[in-house]
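# Tertiary structure, described
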Amino acid sequence: MSKDLKAEFWSQLKDVRAGLLAADGERPVPMSPQGDPEEKAIWFITAKGSAADRAAKSGGEASFHVADSKAHLYANVFGKLAVVNDSDKLDELWNAFAAAWFEDGRDDEAVQLVKFTPHEAEVWAGDGGASFLYEIAKANITGDKPDAGDHGRVVF
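Now for a look at the structure at hand. (Residues numbered from 1 in each chain as written. Predicted model: local features only at pLDDT ≥ 70, side-chain atom pairs only at ≥ 80, totals over all residues. Heavy atoms only, no water.)

### Considerations on the layout of surface pockets
Size it by volume and the largest pocket reaches roughly 340 Å³. Around the largest pocket, the lining is made up of 14 residues, and of these Pro-30, Met-31, Ser-32, Ile-45 and Trp-101 lie nearest the centre. Elements with a contribution of two residues or more to the lining of the largest pocket: strand 2 (29–31), strand 4 (41–47) and helix 4 (96–99). Ranked by residues supplied to the lining of the largest pocket, first place goes to strand 4 with three residues. Across the lining of the largest pocket, the residue classes tally to nine nonpolar, four polar and one charged. (1 Å grid on protein atoms, 1.4 Å probe; cavity = no way out; pocket = protein on both sides within 12 Å on 5 of 7 lines; lining within 4 Å. Points joined across faces, edges and corners; volume = space filled by probe spheres on them. Helix = DSSP H or I, 4+ residues; strand = E, 2+ residues; numbered from the N terminus. Nonpolar A, V, L, I, M, F, W, Y, C, P; charged D, E, K, R; others polar.)

Here it is, written out as structure tokens:
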């Protein structure tokens, strides 16, 4: 790995609009992540009673899966969910993506903030764009494998 893959993960996660969150063995559902490298957490705004909420209440294991070509990030992230009742944090994280799901917006009684604390991940992070196209073209000419970026296991 040529870069700090953990730092690359947090940096590129900020551009991810959605991934699949699977909580306590339930089916994966699309969720919009909000990475917080200082707290080593990924925040989700969900609805009370949802799979993420139920798993968070039990301190359940969860996985978050990202395949975002625009963010140049692919990852399988494993960790624990926890319910967080912090109005200031919710205000900080509230955005148009969350607002679209709640009839009464930020003040909807169904709004629940969930903290995902990852403990490990398998991450593929690349530069994308022209450098990726160059690597593909070069590989086709030389027969070598393209350098598609960094890949490895990250422990948080």
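### Concerning the environment of Ala-51
With respect to the helices and strands, Ala-51 occurs in helix 2 (residues 51–57). Note on Ala-51: relative accessible area 15%, which makes it buried. Spatially, the C-alpha atoms of Ala-51 and Val-29 are 8.6 Å apart, while their sequence positions differ by 22 residues. Excluding residues within four positions of it along the chain, Ala-51 makes contact with Ala-23 and Glu-26. (Buried < 20%, exposed > 50% of the residue type's maximum accessible area, 1.4 Å probe, protein only. Contact = heavy atoms within 4.5 Å.)

### What to know about the nonpolar core
In terms of nonpolar packing, the biggest core is built from 29 residues, with Phe-9, Leu-73 and Val-123 touching the most fellow members. Breaking this core down by element, the ones donating at least two residues are helix 1 (5–13), strand 1 (19–23), strand 2, strand 4, helix 2, strand 5 (61–68), strand 6 (73–84) and strand 7 (111–125). No other element matches strand 7, which puts five residues into this core. Residues contacting Leu-73, with those up to four places away along its chain left out, are Phe-9, Gln-12, Leu-13, Val-16, Val-66, Ala-67, Asp-68, Val-123, Trp-124 and Ala-125. Grouped together as the second largest cluster of nonpolar side chains are 10 residues, Ala-41, Val-84, Phe-102 and Val-111 included. (Core = buried A, V, L, I, M, F, W, Y, C linked by side-chain atoms within 4.5 Å.)

### Topic: the packing of aromatic side chains
Evaluated as defined, the whole model comprises six aromatic pairs. For the pair Phe-44 and Phe-64, a centre-to-centre distance of 5.1 Å together with 65° between the ring planes defines the contact as edge-to-face. With Phe-44 in strand 4 and Phe-64 in strand 5, the pair connects residues that are 20 residues apart, well separated along the chain. Residues Phe-44 and Phe-64 agree in their burial class; the two are buried. Ring plane angle 45° and centroid distance 6.1 Å describe the contact between Trp-94 and Phe-102, whose orientation is recorded as tilted. Following the ring pairs from residue to residue traces out a cluster consisting of Phe-9, Trp-10 and Phe-156. (Phe/Tyr/Trp six-rings, centres within 6.5 Å; stacked < 30°, edge-to-face > 60°.)

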